[in-house]
Every structure is written in C-alpha cells, then in structure tokens.
Amino acid sequence: MTVRSRSIGNALVALAASLLAGCAATPSRIDPFEPMNRGMFQIHTAVDEAVMRPAIQMYIDVVPDPVRQAVSNFFNNIDDMVSVVNDLLQGKIDKAGNDMGRVMLNTTWGLGGLVDLASMVGIERGNEDFGQTFGVWGFDQGPYLFVPILGPTTFRDGTGWIVRAAWGGPVGYIPDVAVRNVIYGVGAVDLRAQLMGTTKLVDTAALDRYLFIRNAYLQRRRYLVYDGKPPPEKEEE
Amino acid sequence: MFVFRSIARCAAPLMLLAAVAIGIASAPARAQEMPDVMVKRVAQDVLATVKADPLIQAGNEARIREVLEAKLLPNFDFARMTALAMGKNWRTATPEQQKRLTDEFRGLLVRTYSGALTQYRNETVDYKPLRMNPGDTDVTVRTAVVRASGSPVQIDYSMEKKADAWKCYDVIVAGVSLVTNYRDEFNEQIKNGGVDGLITTLANRNKGVAAK
C-alpha cells in the first residue's frame, strides 16, 4: 500500500513538474482557471456556511480552550515531524535540528505533543511542507486552484498535499484504519477552528472574498518559500 | 555558521546605536524620532490602552475606533496606501476621486483593524532590531506578536520618512501585505464600474453591505 502510494506520489510530482515548467507567475497567468475556481469557491462557501461553520462554532463553544489548545499542539507536533523531513529535503540542516528538537521535547516531556514545551522555551516552529520544498527546488507555483472544503492551493502546493497524503505522514504508520481516520477528522476540525478568526477578518476586509483569499494565500506561500524574506516583487508598470 | 551568528548578534545592537547616534547628529532643530522607536512607542501606547479599557475588552468597536483615531491613525499615510493599492489606476483618478478613495479605504482598513484588535488579550510584541543605513528614507520595522501558545505572527511596518515624522504606508501580516492584497480587487472594481464604481463599493462595505 505504502509503496504503491509513494510511486503514485512520485509520478504526480513528475507530471506536475512537466506541467509547471515554463509557467511564469505573471498576474494574468496566476489564475488561468478563474471561472472554474470561482464556481468551486461558491460551492465551498455554501457548504462552509451551512455545515462547517456551525459545526466548528459548536466545537469552539463546547470544548474548553485548554483542551482545544492541546489538540492544536498535538497536530502541530505531527506537522513538525513533516517539517523535519522537508527541512532535510531543502538542505536546511539548522532548521531540521530545531524541528527535530521540538518533536523530541514535545513528544516526551510534552506528553505526546499535547503541550508545546518547545515554544515555551523559545524554539520556533520551522513550518515547512512539501509545497515549500518544491518551491525551494525551483518549481514554479503554477496555476492557482480553489478546492471545495480543502481551500486555496496551487499546482505546486496541491502536489505537495498529494505527496503528504500518499505518504500519510507519521499518522500513516498507525495500522488501525478507524483510529487513523478519527485522527485525520479531528485534525481537520482543529484546522478549521484555527481559521475562524481569519474567516471573520476576510468577511470584514474583502471587497471580493475570492480575490482577497487568492491574493493573501499566494502572498503567504511566497513568504513561506523564502522563509520570511521574499525579494521585492516587480511593481506593475 | 555560529561565528556569523555571533557577529550578527553583536552587530545588530551596534548598528542600532550607530543609527540612533547618526539620527541625533543629523537631526535638525527638532529631533526626529527613529522609525522603530516610534512603532514601539505607538504600539505599546495603543495596546496598553486596549488592555486597560473595559469597554474595548467587552468588544465595543466604537470605543476602539476612538482610541485608534487619537493614537494610531495620525501615523499612517493613507493617501500613499490607497495609491499603492490602486497601482496604475491611481493616476487616472481625479484629485477629488483620490480624496474620496483615500477616505473610504481608510475607513475599511480601520474597521478591519479594530475588529482584529478586540481579539487582543495576552499577546506580547517582540520588536526586532532595525536594519537601516544612515540617510535611508524608507525602512521596514519588524515585529512579532507572541501568543501564549502557537507560532508568533510576524507583523512588519513599511515606513517612509516625511518632513515632520516617519509615516507607515503598509502593514505586512505573516507575509501578507494589507495594501497590495487589494490591488486585484480594486482593478476588478475599476474594470467593471470605473473609479466611481470602486468608491461606491468601498462606501457600501463601510456601511456594512456584505461582500460577494
């Protein structure tokens, strides 16, 4: 299973790489599928407002703050393990050491990741993923995509998602499918709950929520690929 | 690697000292506050007020806006922010339109900011050392909001030196520029309804009409 998923992942990377080659991120070309994406965004918004937002709000209202924080910490710890892999793939040895230290500290003294001790002692999260690794390797971001439920992405970042899903991350090594699915489910709830504040901000700030989210997403990803020090973008005219 | 780091660590405060010294030496009759000193002073003042005000803690946005008008907003260059968000369209607007655009965009940014500020509780702000050469008139002041748990959020302020003081013309939150993020939205509005269409949309948003 794992071997097969991995080779599918590799094939997809190769496919995406060939698709992405030569695709420049000029403003007119960042979103060639805009009409389709807007349709997907509408579907997403309808589902989000009808089902997800009320459910997540209930989760926020019912589950006490410290418990939700522990849940976030648990999933951040898993993401930190993924960061270690990507730090190494990007050749960032210092960062890999940092993230490795975080995982070891939080998994042991931090009760399996429920307590983020590493942040308390000032070891910052590396926050690297496969999409960023492809960016560092020189792949262009490719066309922007909006996927209902999953949200904004690009060809490059979406390929990153597929690689991560195919690998399964650390959770993928849990043999019991039911347990694995519960963990994935709670992880999704946690992620959406963390985004509730952002949702409110977008509702206040945006003239066109589709464009606002698209541009914020692309700016944010560019910033992450350059580790917080993006070179200045070419000004329009 | 480590050698470089320790040099960087020592160099930063030294450079800051040097910058301050140069700032003092080259100051005209009235000394001009350094941009990072200004950001820190204003941010601490606003956050202390927000924290101490029971009305704000209860989520009273009108009160927040009052505080922002008095303490924060005079330090922003809203005309420059609007021009940046407009891009090449700015030049096609008449001075009258530019003024209305600036007023409405200012209103939108303030509404967004005051909404975010009601969420402020126990975060602390970490002020990064300023990297600035003598004679620079455009600098970025870097800060990070440190939360009780979770990753810090980087907030950078783009500052321009004006005759009387430094003014902020962009805020970059976690890598997202609040100003340039609007460029495509502004473009789209102008393409569909001209500059006046954009003014109407902004005014409607400020009156609470939901976005599409």
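As a convention, each chain's residues are numbered from 1 in the sequence order in which they are written. Think of it this way: whatever chain is written first is A, whatever ligand is written first is 1, and the rest follow in order. In keeping with the predicted nature of the model, local features appear solely for residues at pLDDT of at least 70, side-chain atom pairs appear and are counted solely at 80 or more, and the whole-chain, interface and lining totals rest on all residues.

(A) Looking closely at the overall build of chain B. A run of DSSP states H or I qualifies as a helix once it reaches four residues; a run of E qualifies as a strand once it reaches two. Both are numbered from the N-terminal end. Of regular secondary structure, chain B possesses seven helices and five strands. Helices and strands in chain B line up, N terminus first, as α-α-α-α-α-α-β-β-β-β-β-α. In chain B, 56% of the contacts between residues at least 6 apart in sequence involve partners at least 24 apart. Two residues qualify as being in contact provided that their C-beta atoms, derived from the backbone, are within 7 Å of each other.

(B) Geometry of the environment of Thr107 of chain A. All names here are of chain A. Residue placement: Thr107 occurs in helix α4 (residues 93-108). Exposure criterion: with C-beta atoms placed from backbone coordinates, a residue whose C-beta has 20 or more other C-beta atoms within 10 Å is buried, one with 12 or fewer is exposed, and one in between is partly exposed. Taking the C-beta count within 10 Å as the criterion, Thr107 has 17 such neighbours and is therefore assigned partly exposed. Ignoring sequence-local partners within four residues, the contact set of Thr107 consists of Asn77, Gly112 and Gly113.

(C) Representation of the packing of helix α2 (residues 35-52) of chain B against helix α4 (residues 61-72) of chain B. Residues and elements named next belong to chain B. Axis lines are fitted through C-alpha atoms, for helices just across the contact stretch, and the angle between N-to-C directions can take any value from 0 to 180 degrees. Direction vectors running N to C along α2 and α4 enclose 160°, while the axes themselves pass 10 Å from each other. Comparing their axes, α4 and α2 come out roughly antiparallel. Between α2 and α4 lies a crossing of right-handed hand. Note on element contacts: α4 touches α2 through Val67, Lys71 and Leu72, opposite Val42, Asp45, Val46, Thr49 and Val50. Under the scheme applied, nonpolar residues are Ala, Val, Leu, Ile, Met, Phe, Trp, Tyr, Cys and Pro; charged residues are Asp, Glu, Lys and Arg; polar residues are all the others, including Gly. By residue class, the composition of the contact of α2 with α4 is five nonpolar, one polar and two charged. The cut-offs work like this: below 35 degrees is roughly parallel, past 145 is roughly antiparallel, 65 to 115 is roughly perpendicular, and the gaps in between are oblique. Put simply, a crossing is left-handed when the front helix is turned counterclockwise from the back one by less than a right angle, and right-handed when it is turned clockwise.

(D) Summary view of the confidence of the model for chain B. All names here are of chain B. The pLDDT value expresses, per residue, how confident the predictor is, ranging between 0 and 100. Residues at a pLDDT of 70 or more form 83% of chain B, whose mean pLDDT is 85. Mean pLDDT across the secondary structure elements of chain B bottoms out at helix α1 (residues 2-25), with 48, and peaks at helix α5 (residues 78-86), with 97. Scored below 50 in pLDDT, residues 1-8 shows zero contacts in the model against residues more than four places distant or in partner chains. Taken together, the stretch residues 21-29 has pLDDT below 50 and engages in four contacts with residues farther than four places along the chain or on a different chain. ipTM for the predicted complex: 0.80, alongside a pTM of 0.83.

(E) Seen up close, helix α2 (residues 34-62) of chain A. Residue and element names in this part refer to chain A. Bend at a residue means the angle formed by two fitted axes: the first through the 7 residues ending at that position, the second through the 7 residues beginning there. Largest kink in α2: about 50°, centred on Asp48. Residues Asn37, Phe41, His44 and Ile56 constitute the buried set of α2. Looking at the buried residues of α2, the elements they touch are β1 (144-147), α8 (177-194), α9 (196-205) and α10 (209-225).

(F) Representation of the sheet that holds strand β5 (residues 176-177) of chain B within the structure. All names here are of chain B. We call two strands paired when DSSP finds no fewer than two bridges between them. Strands sit in the order β1-β2-β3-β4-β5 across an open sheet of five strands; the sheet is antiparallel. With one partner strand each, in any of the chains shown, β1 (124-127) and β5 form the two edges of the open sheet. Taken together, the seven bridges between strand β3 (residues 153-161) and strand β4 (residues 166-173) define a ladder with antiparallel strand orientation. In the sheet register, Glu160 faces β4, and the bridge partner there is Lys167. Sitting on the sheet, α2 is in contact with β1, β2 (138-146), β3 and β4, with an inclination near 35° to β2.

(G) Quick look at the interface of chain A and chain B. With 28 residues of chain A at the interface, the matching set in chain B holds 26 residues. Sorting the residues of the side of chain A that touches chain B by element identifies α3 (65-89), α9 and α10 of chain A as the ones contributing at least two each. At nine residues, the largest contribution of residues to the side of chain A that touches chain B is made by α10 of chain A.

(H) Region of the structure containing the pairing of β4 of chain B. All names here are of chain B. With six of eight residues buried, β4 is to be regarded as a mostly interior element. Between β3 and β4, which pair antiparallel one after the other, the connecting turn spans four residues. Taken together, the two bridges between β4 and β5 define a ladder with antiparallel strand orientation. Note on β5: the bridge partner recorded for Ile172 is Ser177. Where β4 hands over to β5, the hairpin turn is made up of two residues, of which Ala174 adopts a positive phi near 50°.

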